[in-house]
Amino acid sequence: AAAVRNRLHYIKDYASKQKIMTTDLIDRDVFALSRDDDTACAVIFSIRDGKMIGKRHFYIGNSIAQTDENIIQTVVEKWYLETDFIPDEIVVSHEPEQLDFLDRWLRNKRGSAIEITVPKIGDKKKLIAMAITNADFLIRELHLQQAARENALPRGVASLQRDLRLDKPPRRIECFDNSHFQGTEYVSSMVVFSDGRPKKSDYRKYKIHVDGNDDFAAMQEVVRRRYVRVLEEKTELPDLIMIDGGKGQLSAAVAVLDDLGLYGKIPVIGLAKRLEEIFVPGQSDAILLPRTSTSLRLLQSVRDEAHRFAITYHRLLRDKRTFQTELTEIAGIGEKTAQKLLIECGSVENIRALGEAELAKIIGAKAAKAVKEHFEGGEEESSEPLAS
């Protein structure tokens, strides 16, 4: 009895502190809607015995194609699907899209009459105005929070600015890496990280035209090609340029940036793989960051992604060359025919599996016969027993 008495006391105390909204004692719910561009906010006041006992709100995204009436209809339906209590009266800022259906559904659920009104004057109109003011405020708060999130610096980017003593956060990092096999199939990659995350739509890959195994010349070529185009097209410049390599590769890149008038305007660093040393132009000593450093982990992620992208492109070109070389060794098969087979079939095994008639549909009867004889001859040779 004492526990019940105390509970009742707390309820009465809570009720006594609620703001009086209306002078009548009717239970009512108030639904109001505010919109700003593609965001809508619905506010619900729960009023019992004339006092406000609760307030809820919902955000509705991608609402530009929806009408006010449709949104109010959806909000009211959602609200009463999740609660069993239906008040005497529902006050709405806009007439629901299917008012008759809503009225019948709520009457059946409540088991008695209910009134749904869109007030034009009086105390109920003031309730709607108050709810709309609340919704306006909530939308402004939402937009401020979104703007704050968009402008917030990721931890890794902020750490990198601090550790490299950069004038501004390196929100956009462009990193270059080279890949080749004994001086052949020389390629370079450029990857972009925006706010610490890969931005793959801005990745670029390059075929490099250098003689022999000259990593410095390759780095100069890719950096020049990249930033000559950026300057010509007036596209976005990075906040930090990163070179995968040590002092030599870094110096090669700096020479090109100096020629283009970009050195001194954009910070540039090199990251050497062996000891994860960070080289900065004009400094003889490398920067060594702790292995657990957030800054170093970000730089490693950027470097590893550039390396992966370069290796993938290099392998693609090497496989393509190997495939075409094998085909062009066949008498009567030139580069164009080999390329056509490459596109249509995808692999040597697929070509080997095709019959002569199927090959003829792709490259003609004469070439198909030559290809088939080549592979059949190869199979015969490979099937001979090895000499003991």
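The structure under discussion appears in the preceding block.
This report concerns the structure included in the present document.

Conventions we followed
- Residues numbered from 1 in each chain as written.
- Predicted model: local features only at pLDDT ≥ 70, side-chain atom pairs only at ≥ 80, totals over all residues.
- Heavy atoms only, no water.
- Pairing = 2+ DSSP bridges.
- Helix = DSSP H or I, 4+ residues; strand = E, 2+ residues; numbered from the N terminus.
- Axes fitted to C-alpha atoms, helices over the stretch in contact; angles between N-to-C directions.
- Buried < 20%, exposed > 50% of the residue type's maximum accessible area, 1.4 Å probe, protein only.
- Polar contact = N/O pair within 3.5 Å; in protein donor to acceptor, adjacent residues only side chain to side chain.
- 1 Å grid on protein atoms, 1.4 Å probe; cavity = no way out; pocket = protein on both sides within 12 Å on 5 of 7 lines; lining within 4 Å.
- Points joined across faces, edges and corners; volume = space filled by probe spheres on them.
- Nonpolar A, V, L, I, M, F, W, Y, C, P; charged D, E, K, R; others polar.
- Contact = heavy atoms within 4.5 Å.
- Patch = residues over 30% accessible without salt bridge, like charges linked within 9 Å, V, L, I, M, F, W, Y side chains within 5 Å.
- Areas by Shrake-Rupley, 256 points an atom, 1.4 Å probe, with all protein chains shown as cover.
- Salt bridge = Lys/Arg side-chain N within 4 Å of Asp/Glu carboxyl O.
- Lys, Arg positive; Asp, Glu negative; His and termini not counted.
- Charge placed at Lys NZ, Arg CZ, Asp CG, Glu CD.
- Phe/Tyr/Trp six-rings, centres within 6.5 Å; stacked < 30°, edge-to-face > 60°.
- Left-handed = near helix turned anticlockwise from the far one by under 90°.

**Regarding the sheet that holds strand S4 (residues 89-92)**
Each strand in a sheet pairs with its neighbour through backbone hydrogen bonds, running either in the same direction (parallel) or in the opposite one (antiparallel). An order of S3-S2-S1-S4-S5 is seen for the 5 strands of this open sheet, with the pairing classed as mixed. In this open sheet, the two edge strands, each paired with only one partner strand, are strand S3 (51-60) and strand S5 (115-117). Along the sheet, successive strands turn relative to each other by an average axial angle of 15°, direction set aside. Note that strand S2 (residues 39-48) and S3 share 9 bridges and pair antiparallel. Looking at the pairing, Ala-42 lines up with Phe-58 of S3.

**Re unusual backbone geometry**
A positive phi angle, close to 55°, is found at Lys-234, a residue other than glycine. The topology assignment puts Lys-234 in the loop between helix H6 (215-233) and strand S10 (240-244). Residues other than glycine seldom take positive phi values, yet Glu-276 does so here, at roughly 55°. Relative to the helices and strands, Glu-276 is located in the loop between strand S11 (268-272) and strand S12 (277-279).

**Concerning the environment of Thr-312**
For Thr-312, the location among the structural elements is in helix H8 (residues 294-328). Owing to a relative accessible area of 43%, Thr-312 belongs among the partly exposed residues under this scheme. At a separation of 2.8 Å, a polar atom in the side chain of Thr-312 contacts the main-chain carbonyl oxygen of Arg-308.

**Here's the deal with the layout of surface pockets**
Considered as a void within the structure, the largest pocket measures approximately 400 Å³ in volume. The wall of the largest pocket is formed by 18 residues, among which Leu-164, Leu-166, Pro-267, Val-268 and Val-280 lie closest to the centre. Within the lining of the largest pocket, the residues separate by chemical class into 10 nonpolar, 2 polar and 6 charged. Taken together, Arg-172, Asp-202, Arg-204, Tyr-206, Arg-225, Arg-226, Arg-229, Val-230, Glu-233, Thr-235 and Glu-236 make up the full set of residues lining the second largest pocket. Of all the secondary-structure elements, those providing two or more residues to the lining of the second largest pocket are strand S9 (204-207) and H6. In terms of residue count, the dominant contributor to the lining of the second largest pocket is H6 (5 residues). Looking at the lining of the second largest pocket, its residues break down into 2 nonpolar, 1 polar and 8 charged.

**Points about the side chain of Ser-63**
Among the secondary structure elements, Ser-63 is positioned in the loop between S3 and helix H2 (68-81). Overall, the relative accessible area of 0% leaves Ser-63 in the buried class. What Ser-63 contacts, discounting residues up to four positions off in sequence, is Arg-35, Asp-38, Thr-39, Ala-40 and Ile-71.

**Remarks on a negative patch on the surface**
A grouping of Glu-69, Glu-95, Glu-97 and Asp-100 is seen on the molecular surface, where their side chains present a negatively charged patch. Overall, the relative accessible area of 47% leaves Glu-95 in the partly exposed class.

**Quick notes on the pairing of S2**
For a regular strand, the rule is simple: side chains alternate between the two faces of the sheet. The element S2 is extensively covered by neighbouring structure, given that 10 of its 10 residues are classed as buried. Both faces of S2 are covered, namely the face carrying Thr-39, Cys-41, Val-43, Phe-45 and Ile-47 and the face carrying Ala-40, Ala-42, Ile-44, Ser-46 and Arg-48. Across 9 bridges, the pairing between strand S1 (residues 28-36) and S2 is antiparallel. Within S2, the residue paired with Ala-32 across the bridge is Val-43. Counted between consecutive antiparallel strands, the loop separating S1 from S2 contains 2 residues, among which Asp-37 sits at a positive phi close to 55°.

**Regarding the packing of aromatic side chains**
Counted according to the given criterion, the structure contains 5 aromatic pairs. Note on Phe-31 and Trp-79: the rings are 6.4 Å apart at their centroids and 85° apart in plane angle, and the pair reads as edge-to-face. One end of the pair, Phe-31, is in strand S1; the other, Trp-79, is in helix H2, and 48 residues separate them in sequence. Seen in terms of ring centroids, Phe-176 and Tyr-227 are 5.8 Å apart; in terms of plane orientation they differ by 70°. Their pairing is edge-to-face.

**Let's talk about the side chain of Glu-174**
For Glu-174, the location among the structural elements is in strand S6 (residues 172-181). Glu-174 sits in the buried class, given a relative accessible area of 0%. Not counting chain neighbours up to four residues away, the residues in contact with Glu-174 comprise Met-190, Val-191, Val-192, Arg-226, Tyr-227, Glu-236, Pro-238, Leu-240, Ile-241 and Met-242.

**Digging into the packing of helix H9 (residues 335-345) against helix H11 (residues 356-363)**
The contact between H9 and H11 brings their axes to 10 Å, and the two run at 115°. For the crossing formed where H9 meets H11, the hand is right-handed. Where H9 abuts H11, its residues Thr-337, Lys-340, Leu-341, Glu-344 and Cys-345 lie against Leu-359, Ile-362 and Ile-363. Here the contact of H9 with H11 is built from residues that sort into 5 nonpolar, 1 polar and 2 charged.

Honestly, it's all geometry; don't read function into it.
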